[in-house]
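As a plain string of letters, each chain reads:
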Amino acid sequence: MRRQVLFFILIVSLGSVLGQVSYSIPEEMAKGSVVGNIARDLGLDVKRLKAGKARIFTGDSAEYIELSKERGVLLVKERIDREALCRQTTPCALHLQIILENPMELFPVKILIQDQNDNPPQVLYPVQTGGSLVAEMVPRSADVGYLVTKVVAVDVDSGQNAWLSYKLQKATDRALFEVGLQNGEIRTIRQVTDKDAVKQRLTVIVEDNGQPSRSATVIVNVAVADSFPEVLSEFTDFTHDKEYNDNLTFFLVLALAVVSFLFITCLVVIISVKIYRWRQSRILYHSNLPVIPYYPPRYSDTLGTGTLQHVYNYEVCRTTDSRKSDCKFGRADSQNVLIMDPSSTGTMQRIQNEKSILDEPDSPLEVSLME
């Protein structure tokens, strides 16, 4: 309210109002962008802006513009959306005044906001619903040029950015329907026959005339039938078929991913095992560790003198009558071994003569102790 009173007093007391300065800027300019050099365009010095305490008065409109007195330029203070500021009003402009004191001066400034193609077309009809299915009915007796339906779309941009065109992108039978380029009307281009499928699906693309062009896509379902029950029986599974196909595609992709993962994992494991075995074999082949000999439990090998080189185990059965007794030589792993006297300082040496034992019945088994 205080600003409005000040502005009214300025208008009444102002002796002279200079010519208006106009600028034209595109919408959606970044913050801090330069609108224009107001000091140069008004023929003022930067010192005059500072000394006159120059400021901007915009009335009731939001302050999208700010003044830099140090540089003498107008800057974008807030990003300007033409559609939010002016809606469908054309032309869209900001009106503001630059006020100086000592002496009091008023400089009107007009800033035109140019439209940019920043909005795609919006389809109003047919309504695109997620769950329910809407279909246009065409009787089989329809002649050439029969109006099926009309695609209605709008663009909130202005000028040529809001000019729309309609194109048939995809159809179940492209030889049956066409779309008006400017009005979006869908009509038949030949006689409908009994051979035509009941379910017809049309994909219409709506483009604007901006640079670069923006577009929107709308799907139109058409039923070629003479009665509603026929349409109902054909279209009840329309949505379910789509969901089934989507689920089938998902599971196929998932199965392919799982099989690929398992195959790669098995391949990596096999290669890793092969490499590990090869490395182990190479390590053992090139190893410089000493070889430790292995002796059986009944085998003895010592380096000192006075000990047996090997241990021989025998099991001997004898009677007092050695001439008539049987002699049985020991079997392997017997518990009976040759006993050496621990008090003896010498070495016991066994003299074995197998032929004398077998051939001479009177010869006893002789064991001599060598000193």
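Residues numbered from 1 in each chain as written. Predicted model: local features only at pLDDT ≥ 70, side-chain atom pairs only at ≥ 80, totals over all residues. Heavy atoms only, no water.

Trainee: Go over the pattern of salt bridges with me, naming the residues and quoting the values.
Mentor: Evaluated as defined, the whole model comprises 10 salt bridges. The salt bridge partner of Asp 41 is Arg 40, with a shortest N-O separation of 3.5 Å. When its relative accessible area of 61% is taken as the criterion, Arg 40 is described as exposed. The partner of Arg 190 in a salt bridge is Asp 173, and the shortest N-O contact between them spans 2.8 Å. With a gap of 17 residues between them, Arg 190 in the loop between strand E14 (185-188) and strand E15 (199-208) and Asp 173 in the loop between strand E12 (164-171) and strand E13 (177-179) connect regions that are remote in the sequence. Given a relative accessible area of 23%, Arg 190 falls into the partly exposed group. Asp 173 gets classed as partly exposed once you look at its relative accessible area, which sits at 21%. (Salt bridge = Lys/Arg side-chain N within 4 Å of Asp/Glu carboxyl O. Buried < 20%, exposed > 50% of the residue type's maximum accessible area, 1.4 Å probe, protein only. Helix = DSSP H or I, 4+ residues; strand = E, 2+ residues; numbered from the N terminus.)

Trainee: Describe the sheet that holds strand E10 (residues 147-150), with residues and values.
Mentor: Read from one edge to the other, the open sheet built from three strands follows the order E10-E14-E13, with strand pairing classed as antiparallel. For this open sheet the edge positions go to E10 and E13, each flanked by a neighbour on one side alone. Geometrically, the sheet is characterised by an average inter-axis angle of 20 degrees between neighbouring strands, direction not taken into account. In this sheet, E14 lies alongside E13 in antiparallel orientation, the contact comprising three bridges. Note that in E14 the partner of Val 179 across the bridge is Ile 186. (Pairing = 2+ DSSP bridges. Axes fitted to C-alpha atoms, helices over the stretch in contact; angles between N-to-C directions.)

Trainee: A description of the sheet that holds strand E6 (residues 93-100) should follow, citing residues and the corresponding values.
Mentor: What the four strands build is an open sheet, ordered E1-E7-E6-E3; its pairing is mixed. If you trace the sheet from one side to the other, it starts and ends with strand E1 (21-26) and strand E3 (55-57), each paired once. Neighbour-to-neighbour, the strand axes of the sheet open up by a mean angle of 30 degrees, direction not taken into account. As paired strands, E1 and strand E7 (residues 105-114) are joined by six bridges and run parallel to one another. Residue pairing for E7: Pro 26 is matched across the bridge by Gln 114.

Trainee: How would you explain the packing of aromatic side chains if you had to name every residue and give the values?
Mentor: Inspection of every chain in the model, using the stated rule, returns one aromatic pair. Arranged with centres 5.4 Å apart and planes meeting at 65 degrees, the rings of Phe 250 and Phe 251 form a pair that is edge-to-face. Assessed through its relative accessible area of 52%, Phe 251 is described here as exposed. (Phe/Tyr/Trp six-rings, centres within 6.5 Å; stacked < 30°, edge-to-face > 60°.)

Trainee: Lay out the environment of Val 198 in plain terms, naming residues and giving numbers.
Mentor: Positionally, Val 198 belongs in the loop between E14 and E15. Using a relative accessible area of 11% as the deciding quantity, one classes Val 198 as buried. Considered as a pair, Val 198 and Val 222 are 24 residues apart in the sequence and their alpha carbons are 7.9 Å apart.

Trainee: I'd like to hear about the side chain of Glu 83, residue by residue, with values.
Mentor: Residue placement: Glu 83 occurs in helix H4 (residues 82-86). Residue contacts for Glu 83: discarding those within four places in its chain leaves Glu 27, Asp 115, Asp 118, Asn 119, Val 156 and Asp 157. (Contact = heavy atoms within 4.5 Å.)

Trainee: Give a description of the state of the cysteines that names residues and reports values.
Mentor: Summed over the entire model, instances satisfying the criterion amount to one disulfide. Paired through a disulfide, Cys 86 and Cys 92 show a sulfur-sulfur distance of 1.8 Å. For the disulfide bridge between Cys 86 and Cys 92, the dihedral angle about the S-S bond is near 65 degrees, and by the sign convention the bridge is right-handed. Classification of Cys 86 as buried rests on a relative accessible area of 12%. (Disulfide = S-S within 2.5 Å.)

Trainee: So what's going on with the confidence of the model for the protein chain? Residues and values would help.
Mentor: Low-pLDDT stretches of the model should not have their predicted coordinates read in fine detail. Summarising the model, the protein chain shows a mean pLDDT of 76, and 65% of its residues fall at 70 or more. Contacts of residues 362-371 to residues separated by more than four positions or lying in other chains number 14 contacts, the stretch itself having pLDDT below 50. (pLDDT = per-residue confidence, 0-100.)

Trainee: Let's hear about the environment of Ser 22: which residues, and what values?
Mentor: Mapped onto the elements of the fold, Ser 22 is located in strand E1. Measuring from C-alpha to C-alpha, the distance between Ser 22 and Val 109 comes to 5.8 Å, with 87 residues separating the pair along the chain.

Trainee: Just give me the short version of the side chain of Asp 115, but keep the residues and values in it.
Mentor: By the secondary structure assignment, Asp 115 is in the loop between E7 and strand E8 (122-125). A distance of 3.1 Å separates polar atoms of two side chains, one belonging to Asp 115 and the other to Arg 82. Within the structure, the side chain of Asp 115 is placed 2.8 Å from the side chain of Asn 161, a separation counted as a polar contact. If we skip the residues at most four places from it in the chain, Asp 115 touches Glu 27, Arg 82, Glu 83, Asp 157, Ser 158 and Asn 161. (Polar contact = N/O pair within 3.5 Å; in protein donor to acceptor, adjacent residues only side chain to side chain.)

Trainee: An account of unusual backbone geometry is needed here, citing residue identities and associated values.
Mentor: Of note, the amide linkage connecting Asn 102 to Pro 103 takes the cis form, showing an omega dihedral of -5 degrees. With respect to the element layout, Pro 103 can be found in the loop between E6 and E7. The peptide bond linking Tyr 125 to Pro 126 adopts the cis configuration, its omega dihedral lying at -5 degrees. With respect to the secondary-structure elements, Pro 126 resides in the loop between E8 and strand E9 (135-138).

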